[in-house]
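These are the residues of each chain, in order.
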Amino acid sequence: MRVLSGIQPSGRLHLGNYFGAMRPQIELQAEHDCFYFIANYHALTSLQDRGLLEQFTREVAMGYLALGLDPRRTVFFRQSDVPEVTELSWILSCVTPMGLLQRCHSYKDKIAQGISPSHGLFAYPVLQAADILIYKPNLVPVGQDQKQHIEVTQDIQTKFNQTYAEVFVRPEPLIGSEVAVVPGVDGRKMSKSYDNTIELFCTPKQARKRIMSMLTDSTPVEAPKDPAKCNVLALLRLIASREEVADWEERYRRGGTGYGEAKKRLHELYVEILGPAQERYNALAQNPDEIEDILADGGRRARAVAMQTMEEVRTACGIISTKK
Ligand code: ADP
Ligand code: TRP
């Protein structure tokens, strides 16, 4: 099956990105035909700083490669290396009802946060639909917060196919239920916009500081604790073995275990599990040409698919092209 996903290079990678998106995406490459890209056009809706956009684009590329994305197996590229996507975005805009976009939570949330909306922010889901539909994927693995955008893509796909011809395939969202929302150090959803993240590629000392600062309640060490209500345990569930998690839950219920102990263990596992990826990340940072070559090769492979779809799209709409 063809699988496709994208991630915006709009900040530093964190554990929420890893457990909610990157890890499940990388696992899928063993069995599927995967296309993963760095959504740099999307990032322009929130990041308008050339240096930072370049830096975060490199960091996302290094992050995926360090965590095990295999660029021979998976087509890994930058969104902007396939310019056909912006052409498709316009064509899809013309079959997208305004109401569909006006209902989008992510747009409404940003307005509620006081962000002054640009047309790009409003049209964001149409660009996302274009960069999904152009590769005709069957599955789109994303975090829970992206579900509505995939549903919008499905609506646009139906609308286009009904208006013109059966060009596009219906994509289905794939959302890992056990990691629907990874909590941050303050207990809210981990997100760069809340400044509550634990970064993926920081030093053990920086990670320790963030983990030790995690918010917990004031239950004394001796007292029993509710395993369902602790953020530290929520992260341990994602990183520790099943047996170890059962043991921590039992210790919480019994009392006599402090939150500090769980935090220390979380830090140990963070270093153990992410340490090897961090070494690969640092090695890649010394080799920017290698990253560039990988992305350029992925871009060529992705573009070949996109160009073919666009031929079908232009023919279906009556856009006569002289390009051959
Ligand atoms: P942020 O919230 O920090 O801005 P993004 O929106 O750029 O993160 O997220 C990139 C990907 O990582 C998306 O697929 C998103 O669903 C996933 N993701 C981000 N934060 C979390 C989280 N706390 N829990 C689960 N998935 C997450
Ligand atoms: N909107 C997604 C996010 O913020 C990123 C994204 C852009 C995406 N295009 C995509 C995800 C296509 C899946 C498929 O996380």
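Engineer: How do you make sense of the overall build of the protein chain when you look at a structure like this?
Structural biologist: Scanning the protein chain from terminus to terminus reveals 13 helices and five strands. Rg of the C-alpha trace for the protein chain: 21 Å, near the compact-globule value of 20 Å for 324 residues, within the 12% margin. Looking at the protein chain residue by residue over its 324 residues, the buried ones come to 49%. At a minimum sequence separation of 6, the contacts of the protein chain that also span at least 24 residues come to 77%. Counting every atom, the protein chain has about 16,000 Å² of accessible surface; 51% of that belongs to carbon and sulfur. Once the 39 positive and 40 negative side-chain charges of the protein chain are each reduced to a mean point, those two points are 3 Å apart.

Engineer: Whenever I open this one, the site of ligand 2 confuses me. Can you help?
Structural biologist: Q8, Y124, Q128, D131 and Q146 are the nearest of the 14 residues found near ligand 2. A distance of 3.1 Å separates an oxygen atom of ligand 2 from a polar atom in the side chain of Q8. A distance of 2.9 Å separates a nitrogen atom of ligand 2 from a polar atom in the side chain of Q128. Protein coverage of the free-state accessible area of ligand 2, which is 370 Å², stands at 90%.

Engineer: Sorry, what's going on with unusual backbone geometry here?
Structural biologist: Most peptide bonds are trans, and most residues other than glycine sit at a negative phi. Of note, K136 is a non-glycine position whose phi angle comes to about 50 degrees, a positive value. Along the polypeptide, K136 turns up in the loop between helix 7 (119-133) and strand 4 (139-141). Accessibility expressed as a relative area gives 24% for K136, which makes it partly exposed. Phi at D195 takes a positive value of approximately 50 degrees, unusual for a residue other than glycine. Looking at where D195 falls in the secondary structure, it is placed in the loop between strand 5 (172-174) and helix 9 (204-212).

About the cut-offs
- Residues numbered from 1 in each chain as written.
- Chains lettered and ligands numbered in written order.
- Predicted model: local features only at pLDDT ≥ 70, side-chain atom pairs only at ≥ 80, totals over all residues.
- Heavy atoms only, no water.
- Helix = DSSP H or I, 4+ residues; strand = E, 2+ residues; numbered from the N terminus.
- Rg over C-alpha atoms; globule rule 2.2 N^0.38 Å.
- Buried < 20%, exposed > 50% of the residue type's maximum accessible area, 1.4 Å probe, protein only.
- Contact = heavy atoms within 4.5 Å.
- Areas by Shrake-Rupley, 256 points an atom, 1.4 Å probe, with all protein chains shown as cover.
- Lys, Arg positive; Asp, Glu negative; His and termini not counted.
- Charge placed at Lys NZ, Arg CZ, Asp CG, Glu CD.
- Near = heavy atom within 4 Å.
- Polar contact = N/O pair within 3.5 Å; in protein donor to acceptor, adjacent residues only side chain to side chain.

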